[in-house]
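# Results of the structural survey
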Amino acid sequence: MLTNLKNTDIKELSEVYDSENRDSFISLYLDIDTLDNKFVGRRKNTCKSVLKEDKELSENFEKTMQMIEEYLNKSGREKGQKGLAMFASNIHNFFRVYKLGVLVENLLIVDTSPYIRPLARLVDEYEAFGLVLLDSQRAKIYVVSSGKVGYKKKKANDIINKHKKGGMSQARFQRLRKGAIDHFLKDVAEDVEKLFSNDEVVKIIIAGSGNAKIIFKNILPPHIKSKIVDIIDMDFDEAEGRLVSKAEEIVLEDEKETSERNVSRLRDEILRNGLAVHGLKETGEAVINGQIELLLVSKGYKIRGWICEKCQTVDSGLKDKCPYCGSRTSEVDVIEEIIEFAKRTDTKIEFVGDNLGLDELGGVGGLLRFK
C-alpha cells in the first residue's frame, strides 16, 4: 500500500550509518509517473566504475543493486502511486521501501548512510492534514498525507424522515430538527477529535455549504479548533478529487506563509541576540547539541564538506583527517548531515523556498530551545 510517511520513519533512517565510514548504502528515488527506464542503469554503471578499485564495496554495491532490481521487477505500481524511495545495503542486511503518492526527482546515491533529504522535504511540504466535508445531515472525514487520501469515514443522518411534521406545529418541528442537527454535528465532532488529535495531523480544513460548517467549528474542542487553517464553501456532492486538490492548495499556501513568518522570527531573534543561530558553523553545532527547536533550510541549498563518523564533527571544505580526533573523514553534503542530526534530536525541519532573507543569513538557521 502507499506509505503514510511519518517523522518517526525518517528519524529511524537518520540513525542508520556505516560505523566504518564506508560507502555501503544505496538510496534510490524514482519518479514513477514519467519513469525513465534507463536512469537506474546509467547510474549503476557510473557508480560501478567509481567503486571498482575497492573489492568489498564493489561487491556490496553489486549485491545491493541486485536486491533493488529484483524488487523493481516484481513490484507493480499501485493506484495513486507517483514516486518510490528505497534504501538498501547488502552488508548491513538493510532494505526499506516507501511507495509515495507524490512526485520525486530521480536520484541514485551511494553513501555512508541513507540519503534522507528528499523524504524530509516531503514530510515538511506534505504534512498530514484533516479534511471534513459536511452539511446538516451528511459528513465525510478524510486524512490526507504525502498526497494520499489515507482514511475516509462517512456519516449520514436522515433528519427529515426522523421528524416528519405530521400534525405538529411548525415551531416544534423546527426545534426538533435543530436538536437533531446539533446532535449529528456533535457526533461528527467526536469522530474528528479521535482521528485528528494525534501529532501527525497538524492542519484541518472544513468544507461544506450553508451554516453547518460554522456551527460545527464552534463545537470543536480548542486543541482541534487551533489546527483549522480555513473554512471553505463546497457542495457536498463535489467530486472528491477536486475537493482534495483544493484543500492541498490551501495547505501549501499556508505552509508558505508559515515559512515566511518563521524566517521573520529568526531575523528578529538575531537582531535581539536572542534564541537563534544562523550560518553553517553555528547552526551545525547547535543541531548536534540538540539546542534547535526549528531548523530552517533553503530549498536546494547544498555545500561540500566532510564528516568524521567517529566524533561526528561536520564542517565545510575538504579534510583527509579529522582535526579533533585524527580519524579518517568522508566527503559529504554538509546540509544533509545537519538534517540527519536534526532528525535524530526530534528537531522540526522547515524547507524554505525563494526567501532572500534566509539566503542572506547563510541559507540555514535555527530557532533555539535554549542557549
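Scope of this entry: the structure provided in the associated data block. All values derive from a computational prediction rather than experimental measurement.

### Description of the side chain of Asn 262
Topologically, Asn 262 is positioned in helix H9 (residues 240–271). The exposure class assigned to Asn 262 is buried, which follows from its relative accessible area of 9%. Here Asn 262 is in contact with Leu 294, Leu 296, Glu 350 and Leu 367, once residues within four sequence places are set aside.

### Description of the sheet that holds strand S4 (residues 107–111)
The strands that make up a sheet are held in pairs by hydrogen bonds between backbone atoms, and each pair lies either parallel or antiparallel. In space, the four strands of this open sheet follow the order S3-S2-S1-S4, with antiparallel pairing throughout. Looking along the sheet, the strands with just one partner apiece sit at the ends: strand S3 (94–100) and S4. On average, adjacent strands in this sheet sit at an angle of 10° to one another, irrespective of strand direction. Two strands pair when backbone bridges link them, and strand S1 (residues 25–31) and S4 are joined in this way by five bridges, in the antiparallel orientation. If you follow Tyr 29 over to S4, its bridge partner there is Leu 107. Relative to the sheet, helix H1 (residues 7–14) contacts strand S2 (83–89) and S3, its axis offset from that of S3 by approximately 150°. Of the strands in this sheet, S1 and S4 touch helix H2 (residues 39–51), which is tilted by about 20° from S4.

### Details of the pattern of salt bridges
According to the stated counting rule, one finds 24 salt bridges in the structure shown. Among the salt bridges present, the one from Glu 125 reaches Lys 299, with a minimum N-O distance of 3.0 Å. Here Lys 299 lies in the loop between strand S11 (292–298) and strand S12 (304–307) and Glu 125 lies in helix H4 (residues 117–125), a separation of 174 residues in the sequence. The exposure class of Glu 125 is buried, given its relative accessible area of 16%. When its relative accessible area of 36% is taken as the criterion, Lys 299 is described as partly exposed. The residue Arg 272 makes a salt bridge to Glu 269 at a minimum N-O spacing of 3.2 Å.

### Remarks on the sheet that holds strand S15 (residues 348–352)
Pairing is mixed across the open sheet formed by four strands, whose spatial order is S10-S16-S11-S15. The outermost strands of the open sheet, each flanked by one partner alone, are strand S10 (276–278) and S15. Going from strand to strand, the sheet's axes swing by 15° on average, the running direction of each strand aside. Bridge count between S11 and S15: five bridges; the pairing is parallel. Bridge pairing in S15 places Ser 298 opposite Val 352. Strand contacts of H4: S11 and S15, with the helix running at about 90° to S15, the strand carrying the most contacts.

### Focus: the packing of aromatic side chains
Across all of its chains, the model carries four aromatic pairs by this definition. Taking the centre distance of 5.8 Å and the plane angle of 85° together, the rings of Tyr 29 and Phe 87 count as edge-to-face. One end of the pair, Tyr 29, is in strand S1; the other, Phe 87, is in strand S2, with 58 residues separating them in the sequence. Since its relative accessible area comes to 1%, Tyr 29 is described here as buried. Ring centres of Phe 87 and Tyr 98 lie 6.2 Å apart, and the angle between their planes is 70°; on these two criteria the pair is classed as edge-to-face. Here Phe 87 is found in strand S2, whereas its partner Tyr 98 is found in strand S3, with 11 residues between them in sequence. Taking relative accessible area as the criterion, Tyr 98 reaches 7% and is therefore assigned buried. Through a chain of ring-to-ring contacts, the aromatic side chains of Tyr 29, Phe 87 and Tyr 98 assemble into a single cluster. Against the face of Phe 341 rests Arg 344, its NZ or CZ located 4.9 Å from the ring centre.

### Describing the packing of helix H10 (residues 280–288) against helix H11 (residues 334–344)
Two elements in contact, H10 and H11, have axes separated by 9 Å at closest approach and are oriented at 25°. Judged on the interaxial angle alone, H11 and H10 are roughly parallel. Considering only the axes of H10 and H11, their crossing is left-handed. Counted together, Leu 280, Gly 284, Val 287 and Ile 288 of H10 and Val 334, Ile 335, Ile 338, Phe 341 and Ala 342 of H11 form the full contact between these two elements. Here the contact of H10 with H11 is composed, by residue class, of eight nonpolar, one polar and no charged.

### Description of the nonpolar core
Counting 40 residues, the largest nonpolar core has Tyr 29, Phe 87, Tyr 98, Leu 100, Leu 119 and Leu 295 as the members making the most contacts within it. Ranked by residue count, the leading element in this core is H11, at six residues. Non-local contacts of Tyr 29, meaning those with residues more than four positions away in its chain, are made with Phe 39, Leu 84, Ala 85, Phe 87, Val 104, Glu 105, Asn 106, Leu 107, Tyr 115, Ile 116, Pro 118 and Leu 119. Among the nonpolar cores identified, the runner-up in size contains 19 residues, and Leu 134, Ala 139, Val 188 and Ile 228 belong to it.

### Notes on the pairing of strand S8 (residues 203–208)
For S8, a buried count of six out of six residues is recorded, marking the element as mostly surrounded by other parts of the structure. Going residue by residue along S8, you find Lys 203, Ile 205 and Ala 207 tucked away on one face and Ile 204, Ile 206 and Gly 208 tucked away on the opposite face as well. As paired strands, strand S5 (residues 129–134) and S8 are joined by five bridges and run parallel to one another. Counted as the bridge partner of Leu 133 is Ala 207 from S8. Note: S8 against strand S9 (residues 228–233), five bridges, orientation parallel. Each residue of the ladder has a partner; that of Gly 208, found in S9, is Asp 233.

About the cut-offs
- Residues numbered from 1 in each chain as written.
- Predicted model: local features only at pLDDT ≥ 70, side-chain atom pairs only at ≥ 80, totals over all residues.
- Heavy atoms only, no water.
- Helix = DSSP H or I, 4+ residues; strand = E, 2+ residues; numbered from the N terminus.
- Buried < 20%, exposed > 50% of the residue type's maximum accessible area, 1.4 Å probe, protein only.
- Contact = heavy atoms within 4.5 Å.
- Pairing = 2+ DSSP bridges.
- Axes fitted to C-alpha atoms, helices over the stretch in contact; angles between N-to-C directions.
- Salt bridge = Lys/Arg side-chain N within 4 Å of Asp/Glu carboxyl O.
- Phe/Tyr/Trp six-rings, centres within 6.5 Å; stacked < 30°, edge-to-face > 60°.
- Lys NZ or Arg CZ within 6 Å of the ring centre and 35° of its normal.
- Parallel < 35°, antiparallel > 145°, perpendicular 65-115°, else oblique.
- Left-handed = near helix turned anticlockwise from the far one by under 90°.
- Nonpolar A, V, L, I, M, F, W, Y, C, P; charged D, E, K, R; others polar.
- Core = buried A, V, L, I, M, F, W, Y, C linked by side-chain atoms within 4.5 Å.

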